[in-house]
Each structure stands twice: as structure tokens, then as C-alpha cells.
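# Fold and geometry: a report
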Amino acid sequence: MCGIFGIVTNKQQPLGSILTDAARRLTYRGYDSVGAATISDDGTIDLRKDVGRVDDVAAKYNFAEMSGRRGITQLRWATFGEPSQINAQPHLDSDGDMVGAHNGNVVNNVELRQQFIAEGMTVRSQNDGETCVHAVERYVNKGYDIIDAIRLAYGDLAGDYAFVIGRVNDDRLYAFKKGSGLVVGIGELPAAGNPGGSTFTCVSSDLPSILPLTRKIVRIQDGEIVTLWPDHVEVRSVKDGKCINREPEIVTETMDAVQKGGYPHFMLKEIHEQPQVAREVLHLLEGSRDVETMLNKMKSARHLYFIGCGTSYHACLAGAVFFAQLAGRAVIPVLAPQFVPQYAPAVSHEDVGLFVSQSGETKDVLNALQIAEQRGMTCFGLANVIGSTLTKSTACWLPLCCGYEISVPATKTFTNQIVTFLYLAYRMAGRDTRELEKIPELMGQTLEETAPQIAAIAGEINRWNDLYCLGYGANYAIALEGALKLKEITYAHCEGMLSTEFKHGPLSAVSKGYPVIFVAPPEDVPLIVSGINEVTCRGGRAIAIGEADSSLSANASDMIVIPKSNPAINPLLAVLPLQLLSYHMSVARGYDPDFPRNLSKTLTVD
Ligand code: M6R
């Protein structure tokens, strides 16, 4: 997830350190490249950028000496185009008199770049931030004034993004957004080192990059364009170009609270980001040519493997069920280290493997990848961190589009892995993927409706240090994932299991009040009701997660109702209450769910 910051001041001055400080405050989102541009009174643009850490790039390119009246900085988290200097942002237009940067994803990037090239514009990178610049340039070249050019560009750019742009011989910056966050600040720069002080306005994807400068802010909504002058801003509607009256507000939260988006922990914030990132990955998949490449190879593969570890492996398990149920295609889901002895000796160029990893750096996954490649297997990747070893080592890969996941327990990256598998299975089956567009709203509804009940149940079962989480079919993967979350951050033992296996041994653990969670999609209810009764008749507490169902409610001790959905979407909703349950139990135990003991976010060791 990239971050942007732009500033407009009332006089030419050193802006390098202001831009560098703002960039530092965006680093919590995760990034691979940094850039800064200043626009001076003499009509020049000074642009410096590269791959690397903020402090390293700022030192190498001496950001400190950059001055101007307006400035833009951007941290890039690669999606379109590998991390490289040319793909780093900001970007210039064809003749170098406009400069802009974006965050988010423009999903019709490839098509638009081809149009711009055909129209004679100079396209230097593969990056969609540059596409935003040319989208405005296209209409400026046709003689539209800047606001109308932006309004037309807005209509051409599909996806979720926020964008800031400036040009020489114009004392303003302009910004607009669709889907991503955008906030404006208004204030005065301190007089120290700046004789007389100066007024400024600024704009950013993230409030934390603004807060040390000012607490007077204006929030920009989708479909709005903001024009920034040194002492005031003007908000207009993209639709009709008319001004919108928006009074500034004063923010009082601390920096820490703001970085966590007002949530007490990153995990809770990331749980609530799931509907939005699901929307973003669906947009991206719709516009991706790599999907085509992968599906063609997968269709003709002799054997198809989904390979990962931990949470990513659970997504592989669910993915294999989707492929079988929706597309009639058998897939072998396998834990990466076990791929090596069990399958690697038998694979060849006729087989295809999809290697799945949030970090793209998990050593167990990379070991399996290396051996698979040596055997000539076609290897694809699914990763959140673009530029990671996995994305550099696979023939073709898809991004998870989640931005930086800070909390050690994976949440939003898991659900976007599931969304991606669902999308691929739908495409493999030739089904209409528009049905999947309901996912973000259903996820939001699930979180909202289940949260109070989950918090209450968490308090009631928290004295137990041993519990089970059971499921069947794609929801077997969800049961495993729920159990992993509970283990990871509550330090209790929680076993995930195929629901039908429980009676083959673990049932003996059940005593009065013993919690057993059942993930119960509609088609499994008859099967699961038997399992529930095996638990309740021995005094155990059977907690069912499923769509409203009289039989489930009548038999289970607790019924957590999730929204009615297409059966393929159900597992994606069922995992959300389990994430919330583990979070609340962890916090109630006095642990920090973001940083559980003994664990690391990225496991680069054997
Ligand atoms: O980065 P990866 O997806 O390859 O990581 C694999 C596992 O280490 C990871 O999913 C781990 O299980 C999670 N922290 C669980 O929440």
C-alpha cells in the first residue's frame, strides 16, 4: 500500500526535510521505493527517487537540498512494475512540466498505457502512478482547463486510488481520490529557519504524515477534487465541477492511535480493512493479464499443486476445494516442506505449482520453489510483498493487494488469498465473477453483526486453555485457520479438525462447558448437527458459526449468525468471527495480539 504527501507553501523555501519527514511518517504502511519532487518559482521540477529506505534514498540523493514552493513525496509498494528507480514515484508527464504520484491501484493501467503511447505521449515506466499523470495530461493537451482535465481523467482511471499532481507556472496542487483515503491539512510552518514563517496546505493518503504539521484537517470523499493553495483549499465534485462547502475539523487523537486507524491494535484495524482490500484485489484481478497466463497453464497441467505454510497453506486447502467444486479440477494442496519429499521427486514440466505466501520470503516455501524449478515445474506466485524473493523467482505472480500487514497474525492477507482462489476457480469454471462483487459488503456486514456476540462469548470461554474448532469441505480450512489464530495469540491449545474426525478420538476430551466451535455452512448442517449433539450431550459447549438455521440454533449452545451468501463465499465470512474471537480472547488475557511471544511475521529460517 503506497503513501502520498503533497505540500503547497506561500513562498519558495527548503522543502526537502519536510518531505523526508512526511515520508518517514508513511513508512508504517510498508514500501519498497521512495521519491520526492519540488516545483520552484522558476518553473522547474526537481525529481529524485529510487528503490530503498527513506533515510538511505534521502541521503543518497540529498533530499535536504531540495527547495521549492510546492512538493510531493511518495512511498511505493509495488503492484504494477517491479521495484526500480524508473517505476518509483513521483512521475513526470511527457514534457516534464507536470508531476504527480498516487497510492492504490489503477486496474486498467496496462490498457491506458497502450492508449497513451498510441497518442504519442512519453511513457517511461510500467507504474500506474505515471498512468494517472498521463490521464490528466491527455486532456490538458486537448485544451481543457486543469479541473475539467482531472474530471475527465477521473472517469478514465478504474480502481481504488488517491492521486496528487502539480505543474509548473501554477501555484497550486490538485488531488482526488476513488476508494483510497485522502486528507488535507491547513496550517503554518514554524518560523525557525524560515524567516517570517509561512502558511501551507498539504494533502496525504495518511493522517499521521500530516499530524505533526497541523491538526486542522479536511477529509476528502470519493468523487471529489481538492485544489490546494498556500492558505486555503477548495473541494469540488468530479460529477459537475461545482464547489462543495466542507469546514475543516480539528483532530485530537494521538499519533499512535491514528496509525492504528483509531483501533487499539493493528490486528483489529486489519480485520476491519478486509472488506476494502477484498474490493481492491477483485478490481485488480479483473484487470490482470497474469490471471489469463496462469489459468491457461493450470488448465493444461498434468498435476496442479497449491503450496504454502501456516495461514497461507490454509488458503491453499480452501482453494483446492473451490477448484474441485466449482471447476471440477483436482488440486493437491500441500505444506511447503512436505512438498519436497512427497511430490518434488515426481513433478516435471507438465505440472504447475502455485506458491502462496504473504511475505514472499518464507524459507520453507522458497526451498520448495527451488526444488520445483529444478524439476522443471511451472511455478507461479501469490504474494503480498511485491519485490519479495517469491515474486522475483516465479514466472508469473499475482499480488494480494493488502498493503502492509503489521500484526503477526495474518488476517486480511488470508481473506485476500481466499478471494483470489475463488476468483481463479470461477474463471476456471467459466462462471460470471460479478457474483464475487458482493464479497466486500457481506464481509462488512459479518464483522458488524457478529462483533458484539463474539466479544461476549470470548469472555465466557476464556478460562479454557484447550478447545477445538471443526469444519468440513472448504470450511475445514477455515476451522484450521480459526484454530491457528486462537493458538497464535491466546497461547491456548486449540486444535482445528475435520468435523467428522472428532468422534474418532478427541470427543473424549469433552467435559462440562468444554468449548467446541463448529463452522457450519448450510449444506453441512445435517452432518454438523450430529457432531454438535455428540458434544452437548456430554455437557460440552457447542458454538456454531453459520447462516440462520432453526436446526443449528435448536441444537447448538451458541449460534453465531453470518449473512446468507453463495455457498462458495460462505467460508470467507465464517473466518471473520473466528478472527474476532481470537483477538478478544487474547486481549482479555492481557496479551498483545499484534506481537505474540516467540513468533515472527516473516520466517526466513528452516
Ligand atoms: O508469509 P507467509 O504467508 O509465507 O507466512 C507463512 C506463515 O508463517 C504465516 O501464515 C503464519 O502462520 C501466520 N502468522 C499465521 O497468522
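Residues numbered from 1 in each chain as written. Predicted model: local features only at pLDDT ≥ 70, side-chain atom pairs only at ≥ 80, totals over all residues. Heavy atoms only, no water.

### Here we look at the domain arrangement of the protein chain
Each assigned domain of the protein chain is listed with its residue range as follows: domain 1 (3-259), domain 2 (263-431) and domain 3 (447-606). Summarising the inter-unit geometry, the C-alpha centres of domain 1 and domain 2 are found 33 Å apart. Taken residue by residue, the interface counts 18 residues in domain 1 and 20 residues in domain 2. At the boundary of domain 1 with domain 2, the tally comes to 2 residue pairs in polar contact (both at pLDDT 80 or more). Of all elements in the fold, only α3 (109-118), β7 (159-167) and α6 (255-259) reach the threshold of two or more residues within the side of domain 1 that touches domain 2. (Domains from an automatic or database assignment. Contact = heavy atoms within 4.5 Å. Polar contact = N/O pair within 3.5 Å; in protein donor to acceptor, adjacent residues only side chain to side chain. Helix = DSSP H or I, 4+ residues; strand = E, 2+ residues; numbered from the N terminus.)

### A short note on the environment of Thr-378
With respect to the helices, strands and loops of the structure, Thr-378 is situated in strand β19 (residues 378-383). Beyond its immediate sequence surroundings of up to four residues, Thr-378 is in contact with Lys-297, His-349, Asp-351, Val-352 and Gly-353.

### Comments concerning the sheet that holds β7
Strands sit in the order β5-β6-β7-β8-β12-β13-β14 across an open sheet of 7 strands; the sheet is antiparallel. Two strands lie at the open edges of the sheet, namely β5 (91-92) and β14 (243-244), each paired on one side alone. Here strand β8 (residues 173-178) runs beside strand β12 (residues 224-228); their pairing, made up of 4 bridges, is antiparallel. Counterpart to Tyr-174 in the pairing with β12 is Thr-227. Helix-sheet contacts for helix α4 (residues 128-141) involve β5, β6 (98-106) and β7, and the interaxial angle to β6 is about 125°. (Pairing = 2+ DSSP bridges. Axes fitted to C-alpha atoms, helices over the stretch in contact; angles between N-to-C directions.)

### Here's the deal with the packing of aromatic side chains
Within this structure, the stated rule accounts for 14 aromatic pairs. Look at Tyr-468 and Phe-502: their rings are 5.0 Å apart centre to centre, the planes differ by 70°, and that puts the pair in the edge-to-face class. With Tyr-468 in strand β21 (residues 466-471) and Phe-502 in the loop between β22 (493-498) and β23 (515-519), the pair connects residues that are 34 residues apart, well separated along the chain. The class of Tyr-468 is buried, set by a relative accessible area of 7%. Residue classification places Phe-502 among the buried positions, given a relative accessible area of 2%. For the ring pair Tyr-468 and Tyr-514, a centre distance of 6.3 Å and an interplane angle of 40° mean the geometry is tilted. Taken as a pair, Tyr-468 in strand β21 and Tyr-514 in the loop between β22 and β23 lie far apart in primary sequence, 46 residues in all. Overall, Tyr-514 belongs to the buried group, its relative accessible area being 2%. Members of the aromatic cluster, each reached through a chain of ring pairs, are Tyr-154, Tyr-161, Phe-163 and Phe-176. (Phe/Tyr/Trp six-rings, centres within 6.5 Å; stacked < 30°, edge-to-face > 60°. Buried < 20%, exposed > 50% of the residue type's maximum accessible area, 1.4 Å probe, protein only.)

### Let's talk about the sheet that holds strand β25 (residues 558-561)
Sheet strands pair by backbone hydrogen bonding; their relative direction is either parallel or antiparallel. Pairing in this open sheet of 5 strands is parallel, and the strands run β22-β21-β23-β24-β25 from one edge to the other. The outermost strands of the open sheet, each flanked by one partner alone, are β22 and β25. The mean angle between the axes of side-by-side strands here comes to 20°, regardless of whether they run parallel or antiparallel. Relative to strand β24 (residues 541-546), β23 runs parallel, the two being bridged by 5 bridges. Bridging across to β24, Val-519 finds its partner in Ile-545. Contacting β21, β22 and β23, helix α16 (residues 474-490) runs over the sheet at an angle of about 175° to β22.

### Some details on the site of the ligand
With respect to spatial proximity, 15 residues lie near the ligand, and among them Ser-312, Ser-357, Ser-359, Thr-362 and Glu-488 are the closest. In the model, an oxygen atom of the ligand is placed 2.6 Å from a nitrogen or oxygen of the Ser-312 side chain. Relative to its unbound accessible area of 420 Å², the ligand is 91% covered by the protein chains. Summarising the domain contributions, the shell around the ligand has at least three residues from each of domain 2 (263-431) and domain 3 (447-606). (Near = heavy atom within 4 Å. Areas by Shrake-Rupley, 256 points an atom, 1.4 Å probe, with all protein chains shown as cover.)

### Overview of the packing of α16 against helix α19 (residues 570-588)
One can describe the packing of α16 onto α19 by two numbers: an axis separation of 9 Å at closest approach and a directional angle of 15°. With respect to α19, the element α16 is oriented roughly parallel. α19 is crossed by α16, and the crossing has right-handed handedness. In this structure, α16 contributes Ala-474, Asn-475, Ile-478, Glu-481, Gly-482, Lys-485, Leu-486, Ile-489 and Thr-490 to the contact, and α19 contributes Asn-570, Pro-571, Ala-574, Val-575, Leu-578, Leu-581, Ser-582, Tyr-583, Met-585 and Ser-586. Residues of the contact of α16 with α19, tallied by class, amount to 11 nonpolar, 6 polar and 2 charged. (Parallel < 35°, antiparallel > 145°, perpendicular 65-115°, else oblique. Left-handed = near helix turned anticlockwise from the far one by under 90°. Nonpolar A, V, L, I, M, F, W, Y, C, P; charged D, E, K, R; others polar.)

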